[in-house]
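Here are the chains, one letter per residue:
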Amino acid sequence: MGIFDSIARGLGSLRPLSDAELEDDREALRQSYVASGDLDEASRLYDELHRYDEEMTRRANEAYAREHPNPPEPRRREHGWYLPNDD
């Protein structure tokens, strides 16, 4: 872990974490959320869960983009998508 990763982690960034660490931290956070009895704490934990989910989604989208660099062209009908099939 480099100096910039340490600084980013200290500021609350999730990017320096590995996928396994991210999943483990999210699971611990989810269990804290479920066990929470205080509404304010539950609300804060809920927002934090969404932050972890957004990071996991970003990573999944980046992995998909790396695996599929040239997506296929969308299929179009001969006369347009809004026309009926029974020409």
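Placed above this text is the structure.
From a predicted model like this one, the values you see are computed outputs, not experimental measurements.

Draft legend 1. Quick look at the overall build of the protein chain. Scanning the protein chain from terminus to terminus reveals three helices and zero strands. Tracing the protein chain from N to C terminus, the helices and strands come up as α-α-α. Buried residues in the protein chain amount to 14% of all 87 residues. Expressed as a percentage of contacts within the protein chain between residues at least 6 apart in sequence, the contacts between residues at least 24 apart total 45%. Accessible surface computed for the protein chain: about 7,400 Å², of which carbon and sulfur atoms make up 52%.

Draft legend 2. Broad picture of the side chain of Glu 55. Within the secondary structure, Glu 55 is located in helix H3 (residues 39-67). Overall, the relative accessible area of 8% leaves Glu 55 in the buried class. In this structure the side chain of Glu 55 is engaged in a polar contact, spanning 3.0 Å, whose partner is the side chain of Arg 59. In this structure Glu 55 touches Leu 14, Arg 15 and Leu 22, once residues within four positions along its chain are discounted.

Draft legend 3. Up close: the nonpolar core. Membership of the largest hydrophobic core is limited to seven residues, which are Leu 14, Leu 17, Leu 22, Leu 29, Leu 45, Leu 49 and Tyr 52. Broken down by secondary-structure element, the contributors of at least two residues to this core are helix H2 (19-35) and H3. It is H3 that contributes the most residues to this core, three residues altogether. Setting aside chain neighbours within four positions, we find Leu 29 in contact with Leu 45, Glu 48, Leu 49 and Tyr 52.

Draft legend 4. Quick look at the packing of H2 against H3. It is the contact of H2 with H3, at a shortest axis distance of 10 Å, that shows an interaxial angle of 155 degrees. Between H2 and H3, the angle falls in the class roughly antiparallel. Every pair of crossing elements has a handedness; the one defined by H2 and H3 is left-handed. Between H2, through Asp 19, Leu 22, Glu 23, Asp 25, Arg 26, Leu 29, Arg 30, Ser 32 and Tyr 33, and H3, the contact on the second element is made entirely by Ala 42, Leu 45, Tyr 46, Glu 48, Leu 49, Tyr 52, Asp 53, Glu 55, Met 56 and Arg 59.

Draft legend 5. Quick peek at the pattern of salt bridges. Tallied over the entire structure, the rule returns seven salt bridges. A salt bridge links Arg 26 to Asp 53, with the shortest nitrogen-to-oxygen separation between them at 2.5 Å. Here Asp 53 lies in helix H3 and Arg 26 lies in helix H2, a separation of 27 residues in the sequence. Overall, the relative accessible area of 27% leaves Asp 53 in the partly exposed class. Of the charged contacts in the structure, one is a salt bridge between Arg 30 and Glu 27, with a shortest N-O distance of 2.6 Å. One end of the pair, Arg 30, and the other, Glu 27, are both in helix H2, three residues apart, so they sit about a helical turn from each other. Overlapping salt bridges bring together Asp 19, Glu 55, Arg 58, Arg 59 and Glu 62 as one network.

About the criteria used
- Residues numbered from 1 in each chain as written.
- Predicted model: local features only at pLDDT ≥ 70, side-chain atom pairs only at ≥ 80, totals over all residues.
- Heavy atoms only, no water.
- Helix = DSSP H or I, 4+ residues; strand = E, 2+ residues; numbered from the N terminus.
- Buried < 20%, exposed > 50% of the residue type's maximum accessible area, 1.4 Å probe, protein only.
- Contact = heavy atoms within 4.5 Å.
- Areas by Shrake-Rupley, 256 points an atom, 1.4 Å probe, with all protein chains shown as cover.
- Polar contact = N/O pair within 3.5 Å; in protein donor to acceptor, adjacent residues only side chain to side chain.
- Core = buried A, V, L, I, M, F, W, Y, C linked by side-chain atoms within 4.5 Å.
- Axes fitted to C-alpha atoms, helices over the stretch in contact; angles between N-to-C directions.
- Parallel < 35°, antiparallel > 145°, perpendicular 65-115°, else oblique.
- Left-handed = near helix turned anticlockwise from the far one by under 90°.
- Salt bridge = Lys/Arg side-chain N within 4 Å of Asp/Glu carboxyl O.

Treat this as a map of the structure, not an account of what it does.
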